[in-house]
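Notes for the structure review
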Amino acid sequence: MRAVLVFNPNATTTDAGVRDVIAAALASRVDLDVQPTKMRGHATHIVAGAIHDGVDAVFALGGDGTANEVVQAMAGTSAILGVIPGGGTNVFARSLGLPNDPVRATKALLDAVAGGEVRHVSLGRASGRYFTFHAGFGFDAAVVRAVEQAPGMKRRLRQGAFVWQATRTFFADADRAAGTLQVVTGDGTTVGPGSIAIVGNTTPYTWLRGHPLHVTPDASFDTGLDLTLIGPVSAVRLLRLLAGLRGGRGLRAGDDVTMLHDRNRLTLTSTVARPLQVDGDYAGEFTEVALESIPRALRVFAQRATEGSELALGPETH
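This one's a predicted model, so the numbers in the text were calculated from it and none came from an experiment.

1. What about the overall build of the protein?
- When its secondary structure is counted, the protein shows 10 helices and 16 strands.
- Per-residue burial for the protein yields a buried fraction of 53% across its 318 residues.
- Considering only intrachain contacts with a sequence separation of at least 6, the fraction spanning at least 24 residues in the protein is 74%.

Next up, the structure:
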């Protein structure tokens, strides 16, 4: 099997020693080429070239942003993806059932390679860009945009940067309270207005200090897209909703929460330009975003690691 390992040298939770352990382990099982990324978007170009040259598998070591870039080149191809968590949260890798440790995850992926265990997962697509776990329009995307504009804070505080920027954005975002968003479903039904729109391809939305946040609790890699549209809501009500998420209960439909399950197409519109994020990366400002579910779009190595397993080449990292 020919494979390429694409890694982000700036990933927040790995270092050169861990990367060397992972590369050596993979090279012991596959014919491996190792490629570091040099700038945003570079992973997509690396993987597109590797697939053109006939590579069988791609291993992506980094955070969700690196995985998302890799997926842009892999969707709809026969190449198989192995996601190795190396970022701060690693939502995609963890949603696939992989350990949130790069060395243990590599062991699980090598077990899958040996056993030929591969599964198909659906992807979402928002205004032409694939996403693996969610897209957001409005408030949460504004938070992502603010975090990306302060990279030093993100490096220092990691998840704390999102909490801080969410607080600042909440009080500064007048459109959040106005409810500028509406959603048109594939059959022409309109729902809204709202101020926060989350479209999930799986659950959870993210993890916060080890706790899963289930914003689209019924979403799955095996179904279409799920929508949660919130608001407009008061500050007190939004804080209560967030407290429920933090407690692990997940959001449920109610007077100010609209939820749709297993939809093939959705169109999000706003009376003013609002930010869009895909897989936690800021993707620009839009007044309309077309989303669709792409069934069985990506082949991934399935996870079948046993509890406590480690690579023989190195200890578990934390």
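Resuming the write-up.
2. Concerning the nonpolar core
- Ranked by size, the top nonpolar core spans 55 residues in total, and within it V58, F59, L81, F92 and L298 carry the most contacts.
- Per-element accounting of this core gives the leading share, 7 residues, to helix α5 (residues 102-115).
- Once you skip the residues sitting within four places of it in the chain, V58 turns out to touch V4, V6, V47, V70, M74, I80, L81 and G82.
- Counting residues in hydrophobic clusters, the runner-up holds 19 residues, among them L181, V183, V199 and L291.

3. A closer look at the confidence of the model for the protein
- In this model, the protein carries an average pLDDT of 85, and 81% of its residues clear a pLDDT of 70 or more.
- Within the model, the stretch residues 305-318 combines pLDDT values under 50 with 28 contacts to residues more than four positions away or in other chains.

4. Considering the pattern of salt bridges
- In the structure shown here, the tally under the stated rule is 6 salt bridges.
- As a salt-bridge pair, E292 and R125 come within 2.8 Å of each other at their nearest N and O atoms. Here E292, found in strand β16 (residues 281-301), pairs with R125, found in strand β5 (residues 118-126); they are 167 residues apart in sequence, far enough to count as distant.
- The class of E292 is buried, set by a relative accessible area of 19%.

5. Thoughts on unusual backbone geometry
- The step from G192 to P193 runs through a cis peptide bond, and the omega angle for that step is 5°.
- With respect to the secondary-structure elements, P193 resides in strand β9 (residues 190-194).
- Each neighbour pair has its own omega, and for T203 with P204 the value is 5°, a cis peptide bond.
- In this structure, P204 sits in the loop between β10 (196-200) and β11 (206-208).
- The backbone phi angle of N90 is positive, close to 60°, even though this residue is not glycine.
- Inspection of the secondary structure puts N90 in the loop between β4 (80-85) and α4 (91-95).

What counts and what doesn't
Residues numbered from 1 in each chain as written. Predicted model: local features only at pLDDT ≥ 70, side-chain atom pairs only at ≥ 80, totals over all residues. Heavy atoms only, no water. Helix = DSSP H or I, 4+ residues; strand = E, 2+ residues; numbered from the N terminus. Buried < 20%, exposed > 50% of the residue type's maximum accessible area, 1.4 Å probe, protein only. Contact = heavy atoms within 4.5 Å. Core = buried A, V, L, I, M, F, W, Y, C linked by side-chain atoms within 4.5 Å. pLDDT = per-residue confidence, 0-100. Salt bridge = Lys/Arg side-chain N within 4 Å of Asp/Glu carboxyl O.

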